[in-house]
Amino acid sequence: MAESKEFEYKGISITTELPGPEAKRIIDLDERYLVRSTKSLPIVAKRGRDVFIEDVDGNVFLDFSSGISVTNVGHVHPKVKRAVMEQLDKLWHFAGTDFYYEAQVNAAKAITEVTPGSFNKKVFFTNSGAESNEAAIKLAKGFNGRQQFVSFIGAFHGRTQGALSLTASKAVHKRGFFPTMPGVEHVPYPNPYRNPFGIDGYEEPDELTNRVLDYIEKFVFSTYLPPEDVSAFVVEPIQGEGGYIVPPMNFHKKLFKLASEHDILVIMDEVQTGFGRTGKFFASEHFGVEPEMISLAKSIASGIPMGAVVVHERLNFKYSGMHSNTYGGNLLASVASMETIKVMKEERLVENSAEVGSYFKKRLEELKEKYSSIGDVRGIGLMLAIDFVKDRRTKEPDPSIRDRVFLNCYHNGLISLPTGSSALRFIPPLTVKKDQVDMAIDAIDRAIKKSL
Ligand SMILES: Cc1ncc(COP(=O)(O)O)c(C=O)c1O
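Given the structure is predicted, the values throughout are model-derived calculations rather than measurements. (Residues numbered from 1 in each chain as written. Predicted model: local features only at pLDDT ≥ 70, side-chain atom pairs only at ≥ 80, totals over all residues. Heavy atoms only, no water.)

1. A short note on the sheet that holds strand β15 (residues 423-426)
Move 1: Taken together, four strands build an open sheet; the order of strands is β11-β12-β15-β14 and the sheet is antiparallel. Looking at the sheet topology across the chains shown, the edges are occupied by β11 (374-380) and β14 (417-419). Each neighbouring strand pair of the sheet contributes to a mean axis angle of 30°, computed without reference to strand direction.
Move 2: Bridge count for strand β12 (residues 383-388) against β15 is four bridges, and the pairing is antiparallel. Bridge assignment links D387 to a residue of β15, and that residue is A423.
Move 3: Docked against the sheet, helix α11 (residues 399-411) engages β12, β14 and β15, running at close to 35° with respect to β15. (Pairing = 2+ DSSP bridges. Helix = DSSP H or I, 4+ residues; strand = E, 2+ residues; numbered from the N terminus. Axes fitted to C-alpha atoms, helices over the stretch in contact; angles between N-to-C directions. Contact = heavy atoms within 4.5 Å.)

2. Topic: the packing of aromatic side chains
Move 1: Scanning all chains against the criterion turns up 15 aromatic pairs.
Move 2: Ring centres 6.2 Å apart and planes at 55° place the aromatic pair Y9 and F52 in the tilted group. Of this pair, Y9 sits in the segment before α1 (21-33) while F52 sits in strand β2 (residues 52-55), and the two are 43 residues apart along the sequence.
Move 3: Residue Y9 is classed as buried on the basis of its relative accessible area of 12%.
Move 4: Look at F52 and you get buried, because its relative accessible area is 3%.
Move 5: Plain terms: the ring middles of F360 and F426 are 5.8 Å apart, the flat faces sit at 55° to each other, and that makes the pair tilted. (Phe/Tyr/Trp six-rings, centres within 6.5 Å; stacked < 30°, edge-to-face > 60°. Buried < 20%, exposed > 50% of the residue type's maximum accessible area, 1.4 Å probe, protein only.)

3. Observations concerning the site of the ligand
Move 1: As a structural note, the neighbourhood of the ligand is formed by 13 residues, with G129, A130, D269, Q272 and K298 the closest of them.
Move 2: For the ligand, an oxygen atom lies 2.8 Å from a polar atom in the backbone of G129.
Move 3: K298 is positioned with one of its side-chain polar atoms (N or O) 3.2 Å from an oxygen atom of the ligand.
Move 4: Within the complex, 83% of the 390 Å² of free accessible area of the ligand lies under protein.
Move 5: No other element matches the three residues that helix α5 (residues 129-144) contributes to the shell around the ligand.
Move 6: Of the residues assigned to the shell around the ligand, the class counts are three nonpolar, six polar and four charged. (Near = heavy atom within 4 Å. Polar contact = N/O pair within 3.5 Å; in protein donor to acceptor, adjacent residues only side chain to side chain. Areas by Shrake-Rupley, 256 points an atom, 1.4 Å probe, with all protein chains shown as cover. Nonpolar A, V, L, I, M, F, W, Y, C, P; charged D, E, K, R; others polar.)

4. A short note on the domain arrangement of the protein chain
Move 1: Domain assignment breaks the protein chain into domain 1 (21-31 + 42-73 + 350-451) and domain 2 (80-346).
Move 2: Using C-alpha coordinates to define each centre, domain 1 is positioned 25 Å away from domain 2.
Move 3: Each partner contributes to the interface: domain 1 provides 36 residues, whereas domain 2 provides 32 residues.
Move 4: Both sides of the domain 1 and domain 2 interface together cover about 2600 Å² of buried area, and 57% of this is carbon and sulfur.
Move 5: Viewed at the interface, domain 2 and domain 1 are joined by two salt bridges.
Move 6: Across the salt bridge formed by R425 and E241, the nearest N and O atoms sit 2.9 Å from each other.
Move 7: Linking domain 1 to domain 2 there are 24 residue pairs in polar contact (both at pLDDT 80 or more).
Move 8: Listed by contribution, the elements that provide at least two residues to the side of domain 1 that touches domain 2 are α2 (66-69), α10 (349-370), β11, β12 and β15. (Domains from an automatic or database assignment. Buried area = accessible area lost by both parts, 1.4 Å probe. Salt bridge = Lys/Arg side-chain N within 4 Å of Asp/Glu carboxyl O.)

5. Observations regarding a nonpolar patch on the surface
Move 1: Taken together, L29, Y33 and L34 make up a surface patch of nonpolar side chains, about 330 Å² in accessible area.
Move 2: One can find L29 in helix α1. (Patch = residues over 30% accessible without salt bridge, like charges linked within 9 Å, V, L, I, M, F, W, Y side chains within 5 Å.)

6. Brief notes about unusual backbone geometry
Move 1: Geometrically, the link from L18 to P19 is a cis peptide bond, its omega value of -10° lying close to zero.
Move 2: Secondary-structure assignment places P19 in the segment before α1.
Move 3: Cis geometry is adopted by the peptide bond preceding P179, which originates at F178 and carries an omega value of 0°.
Move 4: Looking at where P179 falls in the secondary structure, it is placed in the loop between α6 (161-166) and β6 (184-187).
Move 5: Within the chain, A95 stands out as a residue other than glycine whose phi angle is a positive 75°.
Move 6: Of note, A95 is situated in the loop between α3 (78-90) and α4 (102-114).
Move 7: Judged by relative accessible area, which is 14%, A95 ranks as buried.
Move 8: The backbone of D263 shows a phi angle near 55°, a positive value even though the residue is not glycine.
Move 9: Using a relative accessible area of 57% as the deciding quantity, one classes D263 as exposed.

7. Description of the environment of V266
Move 1: As for its placement among the helices and strands, V266 is situated in strand β8 (residues 265-269).
Move 2: Remark: the alpha-carbon pair of V266 and A140, spanning 126 residues in sequence, is separated by 8.9 Å.
Move 3: Residues contacting V266, with those up to four places away along its chain left out, are F233, V235, F256, A259 and M293.

8. Considering the packing of α10 against helix α12 (residues 434-451)
Move 1: Between α10 and α12, whose axes approach to 10 Å, the crossing angle comes to 20°. In this view, α10 runs roughly parallel relative to α12, as classed from their interaxial angle. Seen from above, α10 lies across α12 with right-handed handedness. Two secondary-structure elements touch here, α10 through E355, V356, Y359, F360, R363, L364, L367 and K370 and α12 through K434, V437, D438, I441, I444, D445 and I448. (Parallel < 35°, antiparallel > 145°, perpendicular 65-115°, else oblique. Left-handed = near helix turned anticlockwise from the far one by under 90°.)

So, in structure tokens, the structure goes:
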């Protein structure tokens, strides 16, 4: 098969009204043939390279969404593409449930080598983040035989019935779908910007951690949820869909300590934060914890569908057949994942994420100086967001200005994504360069000016 001729984008180029005529035609067909989903922007993507996406009308956008933190090595990375094409020629599928693949073993080994913790680990492969969390629930229950879980208000862990029971970021996800999996209790997440206990302005971030843990111990564990019945805490190191909430730096260590006092497991959901997004390979590393269970997906294989749960070997399923799936660790995904990890190391993308991320954050802080409707700039590495408020003092969210800025960014050729009630997130591929960040800042600046 002849490879398509290589091409490269130099910058943003919007040449039609948005959406263009081809995009409109396809969106009409989408509405006709697909069930309603969660579309944010009328972009119909045709092809992409690195940090750029071209739509079906030939418009080129600067992509600061990375397909929701998936294409961390950039769109259609040549080395990942080659690995997948070579595998395409050999074999696509033979069922990792019942037979063995060398590529799957190699991918598992590569993943265990980059995830935190020097203990021996084992991997269960899935096809998505929700499915990783479903598997994690079963691994936890299978290990300790306990039935209850504690997750956090603002959390997003997926939309399948088990994962949905842990999710608590938007009511629409759950409305009309009860009962979900029974046995899930939600507790406040330590949000330093909008304190869940309503005492903004004078509480130290570390004190906020103590309040959340006190709440769990004094109100939850001692009154209605005996800790001996809790199988696991399920937690994001930084809340993603909940609004890019970075908890106080001592939070996870203290949560792990509380968990271990009661022999409760911790399922760390790094589906969005993983693979260099925050300037470390995994966000857990910022907080000095080594989770025994990590849920992964998204950027693990650069867009070839894959997820995984990585667990301490002591948590292995007790019997064969307790859990399995047809496609987990599919051959194309396995080679894509191995190559993704290789590329991340060769191109020092984790380091780039930290370096360009801090430059980007500084530039966003400059915008905050300029526009009083930006209440907060937050995030680590290239997982960044700005939060729009009606009033900086009350921090009342302003979703309407956020939505206008989001749309105006799109009209300026920059793809971003909303998160939480009033924040706009920027999650470019980790290959992004400072001059591309400047390009984005210019688009955001003009978008805000127009939206006021
Ligand atoms: C932290 C987290 N967990 C789980 C999921 C669900 O992943 P998926 O959409 O692949 O099921 C997401 C998706 O955004 C996520 O951000």
